[in-house]
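Take a look at the letters that make up each chain.
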Amino acid sequence: MANEKVDVVIVGAGASGSVYASVLAKAGKKVVLLESGPDWELSDLISSEIWGRRIKPAGAPILLEGKNPMTYAAQGGWGTGGAALHYYANFPRLLPTDFRIKSEHNRARDWPISYQDVAPFYDKVARETGLSGDAKAEERWRPAGEAYPMPPMKTFRNGDIWLRGFDASGIAMVPAPVGMNSVEFRGRPACLYDGWCHVGCPIGALANPQITYLGEARQAGAEVRALSTVTRVLTDQAGTRVTGVEYYDDKHRKQIQEASVVVLAAWSAQNPRLLLNSATDRHPNGLGSSSGLVGRYMMSHHVASTWALFDEDVQNHMGTVAVQYMSYERYPKTSHEGAFGSSFITAGFALKTTDLANSRGDLFGPELADYMKRAARNLAGIKTFGEEQPNLENRVELTSAKDEFGMPLGKLIHSYDQDAVALWNANLEEGLKVAKAAGAKEAWSARGSIPTSHLMGGTIMGNSAADSVVDSYGQSHEIPNLWVAGPSIFPTAGASNPTFTIFALSRRGAEQMASQWATLTH
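This is a predicted model, so every value here is computed, not measured.

Student: What's the story with the overall build of the protein chain in this structure? I'm lost.
Tutor: Counting its regular elements, the protein chain contains 14 helices and 17 strands. Expected size for 522 residues packed as a compact globule is a radius of gyration near 24 Å; at 22 Å, the protein chain falls within 12% of this value. Taken across its 522 residues, the protein chain has 62% of its residues classed as buried.

Student: Please explain the packing of helix α4 (residues 115-130) against helix α13 (residues 499-515) as it appears in this structure.
Tutor: Helix-helix packing is characterised by the crossing angle of the two axes and by the distance between the axes. It is the contact of α4 with α13, at a shortest axis distance of 8 Å, that shows an interaxial angle of 105°. As far as their axial angle goes, α13 and α4 are roughly perpendicular. Packed against α4, whose contacting residues are Asp117, Val118, Phe121, Tyr122, Lys124, Val125, Ala126 and Glu128, the element α13 presents Phe500, Thr501, Phe503, Ala504, Leu505, Arg507, Arg508 and Glu511 at the interface. Classifying every residue of the contact of α4 with α13 gives nine nonpolar, one polar and six charged.

Student: Just to check I follow, could you spell out empty space enclosed by the protein for this structure?
Tutor: In this approach a probe as big as a water molecule rolls over the atoms, and the regions it shows empty are the leftover space. Following the criterion strictly, the structure yields three cavities of 30 Å³ or more and no others. Considering only enclosed or pocket space, the largest cavity measures out at about 80 Å³ in volume. Forming the walls of the largest cavity are 14 residues, and the residues nearest its centre are Met153, Lys154, Thr320, Val323 and Gln324. Looking at the lining of the largest cavity, its residues break down into nine nonpolar, four polar and one charged. In this model, the second largest cavity occupies a volume close to 50 Å³. Lining the second largest cavity are Phe166, Ile171, Ile345, Ile382, Thr384, Asn427, Glu430, Gly431 and Val434.

Student: Even after reading the chapter, I still don't get helix α12 (residues 418-437), so can you show me in this structure?
Tutor: An ideal rise of 1.5 Å per residue puts 28 Å on 20 residues; α12 measures up with 29 Å between its terminal C-alpha atoms. Here the buried face of α12 lies against α7 (163-168), β9 (299-309), β11 (343-347), β12 (379-386) and β15 (442-445). With a side-chain oxygen lying 3.1 Å from the backbone nitrogen of aspartate 419, the N-terminal cap of α12 falls on aspartate 417. Just past α12, the residue glycine 439 takes up positive phi, approximately 90°.

Student: It is not clear to me how the pairing of strand β6 (residues 229-235) should be interpreted in this structure. Could you clarify?
Tutor: Consecutive residues of a regular strand have side chains that alternate between opposite faces of the sheet. Among the seven residues that make up β6, six are buried, leaving the element largely enclosed by the rest of the structure. Across six bridges, β6 lies against strand β7 (residues 242-248) in antiparallel orientation. Looking across to β7, one finds that valine 233 is bridged to valine 245.

Student: When you look at the state of the cysteines in this model, what are you seeing that I'm missing?
Tutor: Note on terminology: disulfide describes a covalent bond linking the sulfur atoms of two cysteines. For the structure shown, the criterion picks out zero disulfides. Here cysteine 191 stays unpaired: no disulfide links it, and the sulfur of cysteine 197, its closest cysteine neighbor, is 6.1 Å away. Owing to a relative accessible area of 17%, cysteine 191 belongs among the buried residues under this scheme.

Student: Where do I start with the sheet that holds strand β14 (residues 408-413) in this structure?
Tutor: Hydrogen bonding along the main chain pairs the strands of a sheet, whether they run parallel or antiparallel. If you walk across this open sheet you meet the three strands as β3-β14-β13, and the pairing is mixed. Two strands lie at the open edges of the sheet, namely β3 (62-65) and β13 (395-402), each paired on one side alone. Mean inter-strand twist for the sheet, computed between neighbouring axes without regard to direction, equals 30°. Bridging between β13 and β14 involves five bridges; their strand directions are antiparallel. Bridging from a neighbouring strand, valine 396 pairs with leucine 412 of β14. Sheet strands in contact with helix α9 (residues 270-277) are β3, β13 and β14, and its direction is about 60° off that of β13.

Student: Explain the environment of asparagine 358 to me, please; I cannot follow it from the model alone.
Tutor: Assignment of secondary structure puts asparagine 358 in helix α10 (residues 353-358). Through-space distance from the C-alpha of asparagine 358 to that of alanine 446 is 9.4 Å; in sequence the pair is 88 residues apart.

Student: Even after reading the chapter, I still don't get the side chain of asparagine 68, so can you show me in this structure?
Tutor: Relative to the elements of secondary structure, asparagine 68 occurs in the loop between β3 and α3 (101-105). Note on asparagine 68: relative accessible area 12%, which makes it buried.

Student: What is the right way to look at the layout of surface pockets in this model?
Tutor: Taken as a whole, the second largest pocket holds about 170 Å³ of empty space. Taken together, 17 residues make up the lining of the second largest pocket; nearest its centre are Cys191, Leu192, Asp194, Cys201 and Ile203. Grouping the amino acids of the lining of the second largest pocket by side-chain chemistry returns 11 nonpolar, five polar and one charged.

Student: Please clarify how the side chain of aspartate 471 should be interpreted in this entry.
Tutor: Position of aspartate 471 among the secondary structure elements: in the loop between β16 (452-456) and β17 (482-484). One buried charged residue, aspartate 471, remains without a salt bridge, the closest side chain of opposite sign being arginine 508 at 6.7 Å. Aspartate 471 has contacts with Met461, Gly462 and His477, leaving out every residue within four places of it along the chain.

Student: Would you mind showing me how to read the packing of helix α1 (residues 15-26) against α13 here?
Tutor: Contact pair α1 / α13: the axes reach a minimum separation of 9 Å and the direction vectors enclose 35°. For the crossing formed where α1 meets α13, the hand is right-handed. Along the contact surface, α1 presents Ala15, Ser16, Val19, Tyr20, Val23 and Leu24, while α13 presents Ile502, Phe503, Ser506, Arg507, Gly509, Ala510, Glu511, Met513 and Ala514. Residues belonging to the contact of α1 with α13 are distributed by class as follows: 10 nonpolar, three polar and two charged.

Calculation notes
- Residues numbered from 1 in each chain as written.
- Predicted model: local features only at pLDDT ≥ 70, side-chain atom pairs only at ≥ 80, totals over all residues.
- Heavy atoms only, no water.
- Helix = DSSP H or I, 4+ residues; strand = E, 2+ residues; numbered from the N terminus.
- Rg over C-alpha atoms; globule rule 2.2 N^0.38 Å.
- Buried < 20%, exposed > 50% of the residue type's maximum accessible area, 1.4 Å probe, protein only.
- Axes fitted to C-alpha atoms, helices over the stretch in contact; angles between N-to-C directions.
- Parallel < 35°, antiparallel > 145°, perpendicular 65-115°, else oblique.
- Contact = heavy atoms within 4.5 Å.
- Nonpolar A, V, L, I, M, F, W, Y, C, P; charged D, E, K, R; others polar.
- 1 Å grid on protein atoms, 1.4 Å probe; cavity = no way out; pocket = protein on both sides within 12 Å on 5 of 7 lines; lining within 4 Å.
- Points joined across faces, edges and corners; volume = space filled by probe spheres on them.
- Expected span 1.5 Å × (residues − 1).
- Polar contact = N/O pair within 3.5 Å; in protein donor to acceptor, adjacent residues only side chain to side chain.
- Pairing = 2+ DSSP bridges.
- Disulfide = S-S within 2.5 Å.
- Lys, Arg positive; Asp, Glu negative; His and termini not counted.
- Salt bridge = Lys/Arg side-chain N within 4 Å of Asp/Glu carboxyl O.
- Left-handed = near helix turned anticlockwise from the far one by under 90°.

In structure tokens:
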């Protein structure tokens, strides 16, 4: 079944797709967003761990392999809003050093743009979505920019209790910038601090795309088609332009949506899967992959978690799932002797019953019950996110197994190298020192397998088709009316949460697309 041709079809209605939809619909373009999950509303969101599973993907279409398989469910999103429907809304930015790691350290690769190219879009997104924080305090580590539109969020004992330990360790902490309302903002209420952000915020205090860019896109006339799963990007006979996408609708009927421009804004593992499955005689390696780099350089942050029990009630049920304090003090790439890469330190986050149990995965039965009674009042944690270096062998490839629509499943192979292991261990060791200096009664590292968080890469940006898949705006080097959005275009990972940079790069790319429209579509 063919549909009327539109200006832009966007695959995925999450953080990046919603920004493109908003900018282009406001520019008068006819926009269709295809979202594989349901079309949620705020009233659907319920503060419950069991209900919260519904808004996260499960199982296929990505198989997970490697020494350190990438976690999937908590990282992805199912339905409109994508992962940003239930994200923690931590909004730190990348720092200037992240854009020039090759120039400064002869490692990995430089970005084709600098921090200064992205900075105006950080400020713009902060104004548009609403950020709470203290930009001035962050400027000890980064170039100056605009003040955030809202003051920092409240802090609670589970965050404040760490400050003495950080101070003793020479680590300056500042209020964390978050996409949450510390006060009323644009008709959206202030946060209640009940700690259920990770299953979605029903009052709209969390800046999820539903009430920011996606809401604006709909108001400007963009159409959202939920339960619509894209299986291929279509090209013309010459292979020089994309013509639209093939997808299956909510009744599992095969549909064609023609468009002047296609934007892939799905999960980082899904964008390469689609490009690989769209291979043709003209593009035998997949679309935009003459370099063979589609699906390559998949990256994750590793997370060093330190848990501690204190004598006092730390009110660990209070706050948000975002963090109260953060630091770039260990962000310089050579901060830890014998390890390479940036580290981003965070403290103070609300805990739920499952978090208490997961903090001691080695306990069972009566021992676990006794521990949880203590932990319910006295447990607090810090998390340090560490940078993984890009590795060609961390990749997405297609398998012979198929999903319900006959599309090959993707296989995401991910293993950490020795740099990552060394950095993770260094961050765990430092966490224990901070806990001891903070006066913890007991402290331990969350060891076991190295956690994975924030999938990036797979369609990296660069200067040419020889070394990358897209340019700095997300435009395919090989097919000018094919664009990719989201963290899959990051060529390196940095250590800070990628969300703010996803929004900023998407805003930058969408504005470029709108300004170049005449040349793009002819």
